[in-house]
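Now for the letters of each chain:
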Amino acid sequence: MSTEQTAGMPRHEWRSRFPTRNYLNADYGIKSWLLTKDHKRIALLYLISVTFFFALGGAYAAAIRLELLTPQGDLMQSHTYNKVFTAHGVLMVFFFLIPSIPATLGNFLVPMMIGAKDLAFPKINLLSWYIFMVGGILTFSALLFGGLDTGWTFYAPYSTSFSNTYVVLGGLGVFINGFSSILTGLNFIVTIHTMRAPGMTWFRLPLFIWSHYATSLIFILGTPVIAITILLIALERLAHIGIFDPALGGDPVLFQHMFWFYSHPAVYIMILPAMGVVSELVATHTRKPVFGYSFVAFSSLAIAVFGFLVWGHHMFVSGQSVYAGMIFSLISFAVAIPSAVKVFNWTATMYKGSISYDAPMLYAFAFIGLFVIGGMTGLFLAALGLDVHVHDTYFIVAHFHYIMVGGAVMGYLGGLHNWWPKITGRMYPEGWARFAALVIFVGFNLTFFPQFLLGYMGMPRRYHAYPTDQPVWQVLHVMSTGGASILGLGMLIPGVYFLWSMRYGRFAPANPWPATGLEWRTPSPPPTENFAVTPVVTWEAYEFRPVEEMAVIGPGKSADVPGNQNPLSHAETEEIP
Amino acid sequence: MLLTQLTVPQVTVPFAPEQASTFAPHVDALYAYLLIITIFFSVVITGLIIFFAIKYRRRRPDEVPRPRHGSMVLEVGWTIMPLGIAMTIFVWGASTYFKAYRAPHQAMEVYVVGKQWMWKFQHQTGQREINELHVPVGARVKLTMTTEDVIHSLYFPEFRIKQDVVPGRYSQMWFEATKTGTFYIFCAEYCGTNHSGMGGHIYVMDQSAYQQWLAGGAGAESAAAQGQKLFQERGCASCHQTEPGGQQGRGPTLYGLFGHQQAIQNDGLVTVDESYIRESIRNPQAKLALGFQPIMPVFTDRQLSEEQILQLIAYIRTLGQQATTTTGASASGSTTGPTTGGTSPEAQRSNPLAPTAPRQGNSSPQLPPARGGTNSNR
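Residues numbered from 1 in each chain as written. Chains lettered and ligands numbered in written order. Predicted model: local features only at pLDDT ≥ 70, side-chain atom pairs only at ≥ 80, totals over all residues.

Observations regarding the overall build of chain B
So, point 1. If you tally the helices and strands in chain B, you get seven helices and 12 strands.
So, point 2. Buried positions account for 46% of the 378 residues belonging to chain B.
So, point 3. Taking all contacts inside chain B whose residues are at least 6 apart in sequence as the whole, residues at least 24 apart take part in 66%. (Helix = DSSP H or I, 4+ residues; strand = E, 2+ residues; numbered from the N terminus. Buried ≥ 20, exposed ≤ 12 C-beta atoms within 10 Å, placed from the backbone. Contact = placed C-beta atoms within 7 Å.)

Let's talk about the overall build of chain A
So, point 1. On a plain count of helices and strands, chain A comes out with 17 helices and zero strands.
So, point 2. At 24 Å, chain A has a C-alpha radius of gyration in line with the 25 Å of a compact globule built from 577 residues.
So, point 3. The dimensions of chain A, computed from C-alpha atoms along their principal axes, are 75 × 45 × 45 Å.
So, point 4. Expressed as a percentage of the 577 residues in chain A, the buried residues total 62%.
So, point 5. Summarising the internal contacts of chain A: among those between residues at least 6 apart in sequence, 83% fall at separations of at least 24. (Rg over C-alpha atoms; globule rule 2.2 N^0.38 Å.)

Structural notes on the nonpolar core
So, point 1. If you look at the biggest cluster of nonpolar residues, it comprises 258 residues, and the most contacted ones within it are Tyr363, Phe367, Ile368, Leu379 and Ala383 of chain A.
So, point 2. The greatest single-element share of this core, amounting to 20 residues, is contributed by helix α10 (residues 252-286) of chain A.
So, point 3. The residue makeup of this core includes at least three contributed by each of domain 1 (15-58 + 69-101) and domain 2 (223-327) of chain B. (Core = buried A, V, L, I, M, F, W, Y, C linked by C-beta atoms within 7 Å. Domains from an automatic or database assignment.)

Here we look at the sheet that holds strand β8 (residues 171-176) of chain B
All names here are of chain B.
So, point 1. Pairing in this open sheet of five strands is mixed, and the strands run β3-β2-β1-β5-β8 from one edge to the other. Across the chains shown, the open sheet's two edge strands, defined by having one partner strand only, are β3 (128-130) and β8. Along the sheet, successive strands turn relative to each other by an average axial angle of 25°, direction set aside.
So, point 2. Two strands pair when backbone bridges link them, and strand β1 (residues 108-115) and strand β5 (residues 140-147) are joined in this way by seven bridges, in the parallel orientation. The residue bridging Val113 from the neighbouring strand is Thr146, located in β5. (Pairing = 2+ DSSP bridges. Axes fitted to C-alpha atoms, helices over the stretch in contact; angles between N-to-C directions.)

Here's the deal with the environment of Ala63 of chain A
Residues and elements named next belong to chain A.
So, point 1. Inspection of the secondary structure assignment puts Ala63 in helix α3 (residues 39-67).
So, point 2. In this structure Ala63 comes out as partly exposed when scored by C-beta crowding, with 19 C-beta atoms within 10 Å.
So, point 3. C-alpha separation for the pair Ala63 and His88, spaced 25 residues apart in sequence, amounts to 9.5 Å.

Topic: the domain arrangement of chain B
So, point 1. Assigned domains within chain B: domain 1 (15-58 + 69-101) and domain 2 (223-327).
So, point 2. Inter-centroid distance (C-alpha atoms) of domain 1 of chain B to domain 2 of chain B is 50 Å.

Digging into helix α13 (residues 359-382) of chain A
So, point 1. Helix length check: α13 of chain A, at 24 residues, gives a terminal C-alpha distance of 34 Å against a target of 34 Å (1.5 Å per residue), a fit within 8%.
So, point 2. Among the 24 residues of α13 of chain A, 24 are classified as buried, and the element is accordingly described as predominantly covered. (Expected span 1.5 Å × (residues − 1).)

Thoughts on the interface of chain B and chain A
So, point 1. At the interface, 75 residues of chain B touch 79 residues of chain A.
So, point 2. Broken down by secondary-structure element, the contributors of at least two residues to the side of chain B that touches chain A are α1 (24-55), α2 (72-101), β6 (152-156), β7 (161-165) and β9 (181-187) of chain B.
So, point 3. Take the side of chain B that touches chain A: its biggest share by element is 18 residues, from α2 of chain B.
So, point 4. Looking at the side of chain B that touches chain A, its residues break down into 44 nonpolar, 18 polar and 13 charged. (Nonpolar A, V, L, I, M, F, W, Y, C, P; charged D, E, K, R; others polar.)

Description of the pairing of β9 of chain B
All names here are of chain B.
So, point 1. Bridge analysis of β6 against β9 gives two bridges, and the strand direction is antiparallel. By the bridge assignment, Tyr155 is partnered in β9 with Phe186.
So, point 2. Pairing of β9 with strand β10 (residues 200-205), which is carried by five bridges, proceeds in the antiparallel orientation. Paired with Thr182 across the two strands is Tyr203, which belongs to β10.

Quick look at the sheet that holds β6 of chain B
Residues and elements named next belong to chain B.
So, point 1. Ordered by their spatial adjacency, five strands build an open sheet running β4-β10-β9-β6-β7, and the pairing between neighbours is mixed. Every interior strand has two partners, whereas the edge strands, β4 (132-136) and β7, have only one. Taken over all neighbouring pairs, the strand axes of this sheet differ in orientation by 20° on average, direction set aside.
So, point 2. As defined by bridge partners, β6 adjoins β7 across five bridges and the pair is classed as antiparallel. For Leu154, the partnering residue across the bridge sits in β7 and is Gln163.
So, point 3. Across the sheet, helix α3 (residues 207-216) lies against β4 and β10, angled at about 130° from β4, the strand it touches most.

Remarks on unusual backbone geometry
So, point 1. The amide bond that connects Ala156 of chain A to the next residue, Pro157 of chain A, takes the cis arrangement and shows omega of 0°.
So, point 2. Here the residue pair Gln116 of chain B and Trp117 of chain B is connected by a cis peptide bond, since its omega of -5° sits within 30 degrees of zero.
So, point 3. Even without a glycine there, the phi angle at Arg462 of chain A is positive, about 65°.
So, point 4. Assignment of secondary structure puts Arg462 of chain A in the loop between α16 (430-457) and α17 (471-504).
So, point 5. According to the C-beta neighbour criterion, Arg462 of chain A is buried, with 22 such atoms within 10 Å.

Observations concerning the environment of Tyr190 of chain B
So, point 1. Mapped onto the fold, Tyr190 of chain B is located in the loop between β9 and β10.
So, point 2. With 82 residues separating them along the chain, Tyr190 of chain B and Val272 of chain B place their C-alpha atoms 32 Å apart.
So, point 3. In this structure, Tyr190 of chain B is in contact with Gly151 and Arg462 of chain A together with His195 of chain B, ignoring residues within four places of it in sequence.

Things to note about the packing of helix α15 (residues 394-424) of chain A against α16 of chain A
All names here are of chain A.
So, point 1. Contact geometry for α15 and α16: axes closest at 7 Å, N-to-C directions at 165°. For the element pair α15 / α16, the angle class is roughly antiparallel. In this structure, α15 meets α16 at a crossing whose hand is left-handed. Counting all contacts with α15, which are made through Tyr394, Phe395, Ile396, Val397, Ala398, His401, Tyr402, Val405, Gly406 and His417, the residues of α16 involved are Ala433, Phe444, Phe448, Gln451, Phe452, Leu454, Gly455 and Tyr456.
So, point 2. For the contact of α15 with α16, the residue count by class is 13 nonpolar, five polar and no charged. (Parallel < 35°, antiparallel > 145°, perpendicular 65-115°, else oblique. Left-handed = near helix turned anticlockwise from the far one by under 90°.)

Side note on the pairing of β6 of chain B
All names here are of chain B.
So, point 1. Across the five residues that make up β6, a large majority, five, are buried.
So, point 2. Side chains His152, Leu154 and Phe156 of β6 all project onto a buried face; the interleaved residues Ser153 and Tyr155 project onto the opposite face, where all are buried too.
So, point 3. Between β6 and β7, which pair antiparallel in sequence order, lie four residues; one of them, Arg160, sits at a positive phi of approximately 65°.

Written out as structure tokens, the structure reads:
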């Protein structure tokens, strides 16, 4: 169907002719998936895996919240509870949050956004997924055999000399999983450096690419440290080498330094890709270039670099020197500034934009609002005198859930919705998507806001039972559990309609929103090689151009290429009153 | 400048524990400042987003707005301004922390040993408590703490303080309670099965009630007396002299040693504080005193528990101190009322049941021991 046929037609009535040959039907059979080299198929393999781990981690979260409905530890024994919160943390951090956006959306989009046919190392990309699966299976086995109870933070000497659980097996799974991250990071960096299409200069790259580049730097520089740390835990447990055991001359605080040296940058691994997604969502759904492009791009790099210098803010009361504490506190305040700059730039992008209320944009709104709260509560924690009171309380738990769920997960969901048409060739149902976004937003805030209050009032974290003479605490916990139920139900809704859409969803055109990236210049879903001819980029990032120039890149007249509709009948820009 | 002398606005913040220490109002004031800033920015950003989302909502499916790429003025402005605000928070937070970090010189000492899953406290006067701590109001209390097993963290929410206890070393924390009452003790570092059960209450009592409580522990030997017994029983006396003069033993004389500098082998000077004594017991060769043979045996935690080491330290601190008990009551420099630091000489003389504390908080690890001249106003 050509644009002449679609011009003037209401958007909900035009449909594309489903491209006959695309990456989903290019080959059939389980082997074609398990031995694929196509980055898009690997992204889908990851999508299935991380969704599984997310669901499992969420189930553990439900158990935690159920236990905390009452002050007494009456739902499960304390030993069990300790395993439950450890499982929740380990699964969510290492097997969902760290891989989710880079391995699903990143794998799918990085080559397409830069105009390449695939990543630099397609077989290594597949290897990354297998390594991820091996690590996941090992950790999952540890959970099945009886779990581990060290907390996701594995603090020595509890984890090395006192815990009687499957620390080495679970740790081994995490150790192996780390290599999956390292290889993905390597792949992204090489790809972005060497495989950009002609004319795609660094400052024409989508901000999603900048974010993933910065994330990849952290992947390759930080992950080896956690690998060694876990290895040392294992050696200490198995061979008593004494590195963390004071009786043998070791130092338990050394573990904390090594652990947090990775795990703080790790939280930037979790948030930077989501910020990259949000940049794309805001540009697409306001139809404006992101305000302050280069500042947003450099902020990603600044966050990655500064993120390596603040690990001691997890250790203000651990026994490090007060002067070290001051330096870490100072730099922790500095690292907040690039994130603030991004928030201001996204907000400025909306000024005099053309703002749609489609689900991806709703998730972008949610991200920005919740990230502001999560980020600013980080300032509470960076302030030394205040952190002493709230460290290891529910204030911390609320802070990081605001960033990781209110930030990273919202970004992930927004990205899934935004690129779902491209990935599957189908539209999700917009009405249900907006409803689910609202339910998730309400459920999330009801779950985690009370936890700020609980934390300041003194409720420590990782507590199976809490004082029975504090009725306010129980009220807040009940609110939090109620919110968690709503949040969980809300999360199920996209699970259902995404699956539904793959069979019954409206066919998606090449560029439904429309948006400006190269990934939208392919049919939905794209063919295996992405672009029939190598694109030549002559425009700036986020530049809306006349419709003929934003069509699917392919041989022959663009108007004849299937799936080439674009609701913009003209592209002269106008001043929004 | 003493923490209590800092002017701090008296703020009550919602959903906060009682303010029961001199530190608490500072923390709450800083929290209030942060709350205001957070609410301000949240409201501004959220408000702008909602306003833009409504005012600039898409009206026609094909509208494309004019691009706006950036503004150096805005970028510099909204980089500098948050940085400036962040620096004010940093300075306030750091100065609060710094002043609270250093334990004051004159304080009532309590030794704390955490273990799975209880907190053990020992007063200098000898009383031991488990998961409970009785302290007088208005007194500076300094806790010297360690753990027998894993890392725990001693947390008093109403005082707004916590500090991890780490195996193999001492950590310190101090507070001055400002109101009587019963407040929580929590463990705030995950430590295994009964982490959430490892807590209790701290009882802050007025002076007379506290004296009564102390007297109720009549017969309990002071920590230093227990340490002296250990010193004899475990054979320390066979190598370490405790009196001046006489023949040098196989090990350094301990008389008057605490708080002073000690030359060690491989060039260096170390201050003889709690940590050095503990290390010399657990690992004698680590910092061997200059001029002595490496013949001191190692005492593992099976031979001397953490509590016993603390009692030995309490005893060693008394060696070479003046017999007159400087009670630190007035040496604190605080101009506010009651006796700080435990039993006063008057109370001791009048109450025969009150144990004679060899010293009450008159020396700190950082200073040489007071020799009776420092406290001019009793």
